[in-house]
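The lines below spell out each chain.
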Amino acid sequence: MRLYALCDQDMLDKKGISLESFIGIAKKKNAEIIQYRNKNADIAFVKAQLIKIRKLYDGFLIVNDAYELVEFCDGVHVGQEDLKAIDTDVFKAVKILRSVINEDKILGISTHNEEEVLQANAMDLNYIGLGAYRNTDTKKDVSSLLGDTLDTIASKSRHHVAAIGGVKLNDSFEHVTYNVIGSGLFQ
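The model shown is predicted, which means the values in this text are computed figures rather than measured ones.

Colleague: Tell me what's going on with the environment of Arg 134, and back it up with residues and numbers.
Modeller: If you trace the backbone, Arg 134 turns up in the loop between β6 (127-130) and α7 (149-154). Owing to a relative accessible area of 27%, Arg 134 belongs among the partly exposed residues under this scheme. Excluding anything up to four places from it in sequence, Arg 134 contacts Leu 145, Gly 165, Gly 166, Val 167, Lys 168 and Asp 171. Within the structure, the side chain of Arg 134 is placed 2.7 Å from the side chain of Asp 171, a separation counted as a polar contact.

Colleague: Give me the lowdown on the pairing of strand β2 (residues 33-37), citing residues and values where you can.
Modeller: With five of five residues buried, β2 lies mostly within the body of the structure. Side-chain alternation along β2 places Ile 33, Gln 35 and Arg 37 on one buried face and Ile 34 and Tyr 36 on a second face that is also buried. Bridging between strand β1 (residues 2-8) and β2 involves five bridges; their strand directions are parallel. Its bridge partner lying in β2, Cys 7 is registered against Tyr 36. Bridging between β2 and strand β3 (residues 60-64) involves four bridges; their strand directions are parallel. Directly across from Ile 34, in β3, lies its bridge partner Leu 61.

Colleague: Tell me about helix α5 (residues 90-101), and name the residues and values.
Modeller: With 12 residues, α5 should reach 16 Å at 1.5 Å per residue; the first-to-last C-alpha distance of 16 Å fits that figure. Buried within α5 we find Val 90, Ala 93, Val 94, Leu 97, Arg 98 and Ile 101. All buried residues of α5 lie within an arc of 135° about the axis, which places them on one face of the element. Counted as exposed and oriented over 90 degrees from the buried face of α5: Lys 95 and Ser 99. Measuring from the side-chain oxygen of the N-cap residue of α5 to the backbone nitrogen of Phe 91 gives 2.8 Å; that N-cap residue is Asp 89. Within two residues after α5, Asn 102 carries a phi angle of roughly 75°, on the positive side.

Conventions and cut-offs
Residues numbered from 1 in each chain as written. Predicted model: local features only at pLDDT ≥ 70, side-chain atom pairs only at ≥ 80, totals over all residues. Heavy atoms only, no water. Helix = DSSP H or I, 4+ residues; strand = E, 2+ residues; numbered from the N terminus. Buried < 20%, exposed > 50% of the residue type's maximum accessible area, 1.4 Å probe, protein only. Contact = heavy atoms within 4.5 Å. Polar contact = N/O pair within 3.5 Å; in protein donor to acceptor, adjacent residues only side chain to side chain. Pairing = 2+ DSSP bridges. Expected span 1.5 Å × (residues − 1). Arc of directions from axis to C-beta.

The following block contains the structure:
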């Protein structure tokens, strides 16, 4: 199992966990990637957090949504709704993002079903997030859970797949590259 640690600021605040503690645990558990997600702060705060993480962690650092801050990390992850905010055509949105963040940066998007995975196969991406696998405290708007079908859908991706949504450290998949763990790191 390869670990992709999801550092969600709301979760840190809710559980009273410092950024430094989260990064320390992610490092102890050999996280290859850390994604910093903050849906509520201004861009200056997100930038400061990325700089702080970079000082503490030398693995791959991804920022959620804030592609304008890509110079402070190794790449960007965006959800389907965030893609559609860039352009209603998700294919165009990915092309726009790729032109903004350059080829040397990592680009990942969220997918939730086989149709979105097949669409992503035609996009210039480094990975996809696929889920939700099970219920999670981090996302309240999960419309459908993939459960055991996640691995079957993942087999259809030409990109690396990061299993998202309620994934645990001990979950095992055949066609998934990364288990994305947020608050589950503390279990």
